[in-house]
Amino acid sequence: MASNVNPTVRRRRLGQELRRLRELKGMTAEEVAERLLVSQSKISRLENGRRSISQRDVRDLCGVYEVEDQRVVDSLMQMAKDSRQQGWWHAFGDIPYSVYIGLETDAESLRVYEPQIITGLLQTRSYAEAIIRGGSPETSETEIEKRVQVRLRRQDRITAKKDPLRLWVVLDEAALHRVVGDKLVMREQLEHVAEMSQLPHITVQVLPFAVGAHPGLNGQYSILEFADAADSSVVYMEGVTSDLYLEKAPDVQKYTVMYEHLRAQALNVEESRRRIEDVAKEYAR
């Protein structure tokens with residue numbers, strides 16, 4: 001696959017364009033499904049980018065929407081072809097959050113709130129292995145190693161020399177004190193976070209216990225933003241059996257405002273780094 005083709009993002013852009021064409025035609029998803037003799041859920045999944053779309057699907061939909069400009073049809077057909085290519089993560093087999101990895105790979109910036117653990121992009125190998133093993137106790141050693149490899153590969157985005165991912169992380173203080181693995185693993189992990197936080201494109205803030213109740217009590221979430229104006233921001237929340245993606249502007253705005261409150265209540269960058277280093281020293285003792 002060409003390095004500049006991200007199948008997840010292509011699929012998402014194509015879905016947005018197909019939704020726009022349907023709305024211009026004044027048709028509902030139910031009406032389109034009835035015309036094509038498919039389920040409404042298929043049309044919805046195609047439009048939200050959660051399902052692979054074939055060139056035949058694009059041709060049929062363009063026919064229903066009476067798209068007369070062949071250049072538009074050809075462009076959409078090419079997007080469909082690109083969207084069926086495989087990203088680097090497909091080489092690892094079935095990855096439960098592959099849609100998210102595709103979005104993260106193409107994102108320009110990422111804002112993360114983590115209430116319990118160190119965020120994946122800043123995890124060391126030992127910490128990541130302990131997290132995956134503890135969170136999925138029935139997982140085989142082979143599967144654990146595969147997931148660790150995927151997590152470490154994702155970190156290429158923040159270590160890239162050209163256009164690295166802009167990462168902003170708010171960590172609840174609980175993440176510093178929850179012993180994952182053992183104290184040696186925690187010391188190494190927190191020292192790594194403190195070191196990475198000194199990079200110009202990575203910001204880490206600690207939300208101290210003293211804050212009390214705050215907007216992040218409902219749990220972890222991430223906000224992905226993209227360089228291309230055609231790609232709307234996405235709020236991502238990881239689940240046990242399924243993940244949640246929010247793309248509607250009012251939803252994204254609500255979580256963005258929540259994130260600004262979390263940043264405002266957290267320790268500043270220097271205070272956060274000192275807090276992380278102090279806890280690391282405690283583990284060393």
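This section reports on the structure supplied with the text. (Residues numbered from 1 in each chain as written. Predicted model: local features only at pLDDT ≥ 70, side-chain atom pairs only at ≥ 80, totals over all residues. Heavy atoms only, no water.)

**So, the pattern of salt bridges**
Moving on, step 1. Tallied over the entire structure, the rule returns 20 salt bridges.
Moving on, step 2. A salt bridge links Arg111 to Glu225; the shortest N-O distance between them is 2.8 Å. Of this pair, Arg111 sits in strand S1 (residues 109-114) while Glu225 sits in strand S4 (residues 221-225), and the two are 114 residues apart along the sequence.
Moving on, step 3. For Arg111, a relative accessible area of 11% puts it in the buried group.
Moving on, step 4. Between Arg263 and Glu260 there is a salt bridge whose closest N-O contact spans 3.1 Å. With Arg263 and Glu260 both in helix H12 (residues 249-265) and three residues apart, this pair spans about one turn of that helix.
Moving on, step 5. Overlapping salt bridges, with partners in common, bring together Arg111, Glu225, Glu260 and Arg263 in one network. (Salt bridge = Lys/Arg side-chain N within 4 Å of Asp/Glu carboxyl O. Helix = DSSP H or I, 4+ residues; strand = E, 2+ residues; numbered from the N terminus. Buried < 20%, exposed > 50% of the residue type's maximum accessible area, 1.4 Å probe, protein only.)

**Details of the packing of aromatic side chains**
Moving on, step 1. Applying the stated criterion to the full structure yields four aromatic pairs.
Moving on, step 2. Ring geometry for Tyr221 and Tyr259: centres 6.3 Å apart, planes at 80 degrees, overall edge-to-face. Remark: Tyr259 occurs in helix H12 and Tyr221 occurs in strand S4; sequence separation between them is 38 residues.
Moving on, step 3. On the basis of relative accessibility, which here comes to 1%, the residue Tyr221 falls in the buried class.
Moving on, step 4. Using a relative accessible area of 0% as the deciding quantity, one classes Tyr259 as buried.
Moving on, step 5. An angle of 45 degrees between the planes, with centres 5.2 Å apart, marks the rings of Tyr236 and Tyr245 as tilted.
Moving on, step 6. What makes Tyr245 buried here is its relative accessible area of 15%.
Moving on, step 7. Chaining the aromatic ring pairs together yields one cluster made of Tyr100, Tyr236 and Tyr245.
Moving on, step 8. Across from the ring centre of Trp168, 3.7 Å away, lies the NZ or CZ of Arg263, which sits over that ring. (Phe/Tyr/Trp six-rings, centres within 6.5 Å; stacked < 30°, edge-to-face > 60°. Lys NZ or Arg CZ within 6 Å of the ring centre and 35° of its normal.)

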